[in-house]
Amino acid sequence: MPENNASCAFRTSIGGQALIEGILMRGPKKQAIVCRTAEGLVEKVDELKLARDKYPVLGLPFLRGCAIFISSLVNGMQALTYSASLVPLEQQGEPDKLDKWIEEHFPEDKAQKLIIGLAVVMGIALSVLLFIFLPALLVGWCRPLTQSFFVRNLSEGALKVVILLAYMKLVSNMSDIKRLFSYHGAEHKTIFCYEHGKELTVENVRPESRFHPRCGTSFLLVVVLVSILVNSVVHVSHTLARVGCHLLLLPVVVGISYEINRWCGAHDNRLSAILSAPGKWLQRITTNEPDDGMIECAIRAMALVIPEEKGSDIWGQ
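To start, this report covers the structure provided alongside it. For every chain, the first residue of its written sequence is number 1, and the numbers climb from 1 along that sequence. Residue-level local features of this predicted model are given only where pLDDT is at least 70; pairs of side-chain atoms are given and counted only at 80 or more, and the full residue set underlies all totals for whole chains, interfaces and linings. For side-chain calculations, the full set of non-hydrogen atoms in the structure is used, while hydrogens and water are omitted.

1. Some details on the packing of aromatic side chains
Aromatic rings in a pair are described by how distant their centres are and how their planes are angled relative to each other.
Consideration 1: Each pair of aromatic rings taken from Phe, Tyr and Trp, with Trp reduced to its six-membered ring, is defined by centres within 6.5 Å and is described as stacked if the planes are under 30 degrees apart, edge-to-face if over 60, and tilted in the remaining cases. For the structure on display, the rule yields 1 aromatic pair.
Consideration 2: Ring geometry for phenylalanine 69 and phenylalanine 219: centres 6.0 Å apart, planes at 45°, overall tilted. Of this pair, phenylalanine 69 sits in helix α2 (residues 63-85) while phenylalanine 219 sits in helix α9 (residues 216-230), placing them 150 residues apart in sequence.
Consideration 3: Charge over a ring is defined by NZ of Lys or CZ of Arg lying within 6 Å of the ring centre and within 35 degrees of the ring normal. In this structure, lysine 44 is placed above the aromatic ring of tyrosine 82, and the distance from its NZ or CZ to the ring centre is 5.5 Å. Strands are runs of DSSP state E lasting at least 2 residues, helices are runs of H or I lasting at least 4, and numbering of each runs from the N terminus.

2. Side note on the nonpolar core
Consideration 1: Residue types Ala, Val, Leu, Ile, Met, Phe, Trp, Tyr and Cys, when buried and joined through side-chain atoms within 4.5 Å, form a set referred to as a nonpolar core. Note on exposure labels: buried denotes an accessible area under 20% of the residue type's maximum, exposed denotes more than 50%, and partly exposed covers the range between, all computed with a 1.4 Å probe on protein chains only. In terms of nonpolar packing, the biggest core is built from 22 residues, with Ile14, Ile23, Met25, Tyr183, Ile295 and Met302 touching the most fellow members.
Consideration 2: Elements represented by at least two residues in this core include exactly β2 (22-26), β3 (30-37), α7 (175-195), α8 (202-205) and α12 (292-305).
Consideration 3: Whether two residues touch is decided by their heavy atoms; if any such pair falls within 4.5 Å, the residues are in contact. Setting aside residues up to four positions removed in sequence, isoleucine 295 forms contacts with Ala186, Thr190, Val202, Val205, Arg206 and Pro290.
Consideration 4: Core analysis: the next-biggest nonpolar cluster, separate from the first, contains 10 residues, Val222, Val234, Leu249 and Tyr258 among them.

3. Quick word on the environment of tyrosine 183
Consideration 1: Note on placement: tyrosine 183 falls in helix α7.
Consideration 2: A relative accessible area of 1% places tyrosine 183 in the buried class.
Consideration 3: The residues contacting tyrosine 183, other than those within four sequence positions of it, are Ala18, Leu19, Glu21, Gly22, Ile23, Arg36, Met294 and Cys297.

4. A short note on the state of the cysteines
Chemically, a disulfide is nothing more than a covalent bond linking the sulfur atoms of two cysteines.
Consideration 1: We call a pair of cysteine sulfur atoms a disulfide whenever their separation is within 2.5 Å. According to the stated counting rule, one finds 0 disulfides in the structure shown.
Consideration 2: Counting only cysteine sulfurs, cysteine 215 is the nearest neighbor of cysteine 264, a cysteine outside any disulfide, at a range of 13 Å.

5. Notes on the pattern of salt bridges
Consideration 1: By definition here, a salt bridge exists when the distance from a side-chain nitrogen of Lys or Arg to a carboxyl oxygen of Asp or Glu is within 4 Å. Evaluation of the coordinates by the stated rule reveals 12 salt bridges.
Consideration 2: The partner of arginine 206 in a salt bridge is aspartate 292, with the nearest N and O atoms 3.1 Å apart. With arginine 206 in the loop between α8 and α9 and aspartate 292 in helix α12, the pair connects residues that are 86 residues apart, well separated along the chain.
Consideration 3: Arginine 206 gets classed as partly exposed once you look at its relative accessible area, which sits at 26%.
Consideration 4: Taking the relative accessible area as the measure of exposure, aspartate 292 reaches 36% and is therefore partly exposed.
Consideration 5: Ionic contacts of the salt-bridge type, sharing partners, join the residues Arg152, Glu156 and Arg242 into one network.

6. Describing the packing of helix α4 (residues 108-140) against helix α6 (residues 149-171)
Consideration 1: Axis angles are defined between N-to-C directions and span 0 to 180 degrees, where every axis is a line fitted to C-alpha atoms and, for a helix, only to the segment in contact. Look at α4 against α6: their axes get within 9 Å of each other, and the N-to-C directions meet at 130°. Overall, the two elements α4 and α6 adopt an arrangement that is oblique. Crossing of α4 against α6: the hand is right-handed. Together, Leu130, Phe131, Leu134, Pro135, Ala136, Leu138, Val139 and Gly140 of α4 and Arg152, Ser155, Glu156, Leu159, Lys160, Ile163 and Leu164 of α6 make up the contact between the two elements. Oblique is the label for any angle not under 35 degrees, not over 145, and not in the 65 to 115 range, which are roughly parallel, roughly antiparallel and roughly perpendicular in turn. By definition, any crossing whose near helix is turned counterclockwise from its far helix by less than a right angle is left-handed, and any crossing with a clockwise turn is right-handed.

Below is the structure:
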């Protein structure tokens, strides 16, 4: 399909996430979940409660990145759980033993929050295992790479990139994930259509590019690349000590990565194009071309979060 790569005159802060047979769109004031079921589209709209409104310090540069990252993890997991609950019972898998135990010993609302909280913690733990502990362990076993801290840090960083790409490529071959990545493509196309000032219709959305410079997937790759630079200050040989130092530096990595993504999203020049290019390459794995039904979901979710005050969703505000 043809891709519209023209620069956008307007950059929106509205962002989204692919769900199970649906889309989450998050605007400046509210977020909307739209999922396709056998009965039609199901919608859920919530007002946003931002941490920076309660704690203004979390809106400061470099601090806001960590706050937004954690908030996105929690909100994203809640949205995924909701979309999964809409899947017909005969298509749902059996809950694992831990989920069953929680559901049996806690009230329904508390059980759901606890399950989501555990899922977030386990997701973070898996990320730490794959992208911090495993590279440090594998490189630590190879003596020629540990003679120089520069070579060791560079080798660990290169291994992180390989693990990320291999993981994304592996999961992209799963049938359910292929549909999820198609909804991801629908989200990007719809946002581009809105930014180009076109009417949100399936016909207008379909030709747009599925590769968006302000994608959350791109952020993950930026985090890995920034960690290579930040972790270069760690001159520690012991593997567990290195892992501990990398964990302590993780908020710094996330904060810098967010500011880079934020700057790239607000600028259209050669430097921003170079910085956003790796993320767009990764999106060739994490986005697929959507069908018209997926685009309809994305359009409806977008329509529900576009603010009444025109321009109040400008990127960077």
